[in-house]
Amino acid sequence: MSSELDTMIRHAAAAMKNAYAPYSNFPVGACLRTDSGALYAAANVENAAYPQGQCAEASAIGMMIAGGDRRIIEVVVMGGKPGDGMLCTPCGGCRQRLREFCAPDVQVHVCGPEGVRKTVTLDELLPFSFGPENLSF
């Protein structure tokens, strides 16, 4: 595992610890690496009006945009408990949000607190996706 990936995992874990998840008790952390080399980590933020919550990936994308970056080259998503073996993959909405800023071959590392559980490409998570190039007419 690369030191960059180790750093991303640490950032996602730190964000996950700060998640606001009083309703689901399911904290999630995410970390994005951009083509500038910057890292953006964030956590899920729940709301009593459930649809108003925000996923960790969406929060990190908002931070990335505010930071001036536009291209994601690697993703870490972390959820679950140590040793539970569960895969906390991005939800459908976040898969599409990531697609806006990722190429289909970008690696998404699905992690638990102990580290990487599975690595897939965005195309494996969202096959036959609709992206910005589909609007090039």
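On a predicted model such as this, the values are computed, not experimentally measured, just so you know.

How each quantity is defined
- Residues numbered from 1 in each chain as written.
- Predicted model: local features only at pLDDT ≥ 70, side-chain atom pairs only at ≥ 80, totals over all residues.
- Heavy atoms only, no water.
- Helix = DSSP H or I, 4+ residues; strand = E, 2+ residues; numbered from the N terminus.
- Buried < 20%, exposed > 50% of the residue type's maximum accessible area, 1.4 Å probe, protein only.
- Contact = heavy atoms within 4.5 Å.
- Polar contact = N/O pair within 3.5 Å; in protein donor to acceptor, adjacent residues only side chain to side chain.
- 1 Å grid on protein atoms, 1.4 Å probe; cavity = no way out; pocket = protein on both sides within 12 Å on 5 of 7 lines; lining within 4 Å.
- Points joined across faces, edges and corners; volume = space filled by probe spheres on them.
- Core = buried A, V, L, I, M, F, W, Y, C linked by side-chain atoms within 4.5 Å.

Trainee: Tell me about the overall build of the chain, residues and numbers included.
Mentor: Of the regular secondary structure elements, the chain holds four helices and five strands. Each helix (α) and strand (β) of the chain, taken in turn from the N terminus, gives the series α-β-β-α-β-α-β-β-α. With respect to the principal axes defined by its C-alpha atoms, the chain has extents near 45 × 40 × 30 Å. Taking all 137 residues of the chain together, 42% fall into the buried category.

Trainee: Quick one: what's the story with the environment of Tyr 40, residue by residue and with numbers?
Mentor: Relative to the helices and strands, Tyr 40 resides in strand β2 (residues 39-43). Between the alpha carbons of Tyr 40 and Met 8 there is a distance of 8.8 Å; along the sequence they are 32 residues apart. If near-sequence neighbours (up to four positions away) are discounted, Tyr 40 is found in contact with Ala 30, Cys 31, Leu 32, Thr 34, Ala 60, Met 63, Met 64, Gly 67 and Asp 69. A polar contact of 2.7 Å, which involves the side chain of Tyr 40, links it to the side chain of Asp 69.

Trainee: Please give an account of the layout of surface pockets that cites residues and values.
Mentor: In this structure, the largest pocket occupies an estimated 200 Å³ of space. As for the largest pocket, its lining consists of 15 residues, and the residues nearest its centre are Phe 26, Val 28, Asn 44, Glu 46 and Cys 55.

Trainee: Requested: an account of the nonpolar core, with residues and values cited.
Mentor: Generally speaking, soluble globular proteins have nonpolar side chains that are buried together. Counting residues in hydrophobic clusters, the biggest one holds 22 residues, and the most contacted among them are Leu 32, Ile 61, Ile 72, Val 75, Leu 98 and Cys 102. Listing elements by their share of this core, those giving two or more residues are β1 (28-34), β2, α2 (56-66), β3 (72-79), α3 (92-101), β4 (102-112) and α4 (122-125). Judged by nonpolar contacts, the second largest core, of 10 residues, contains Leu 5, Met 8, Ile 9 and Ala 13.

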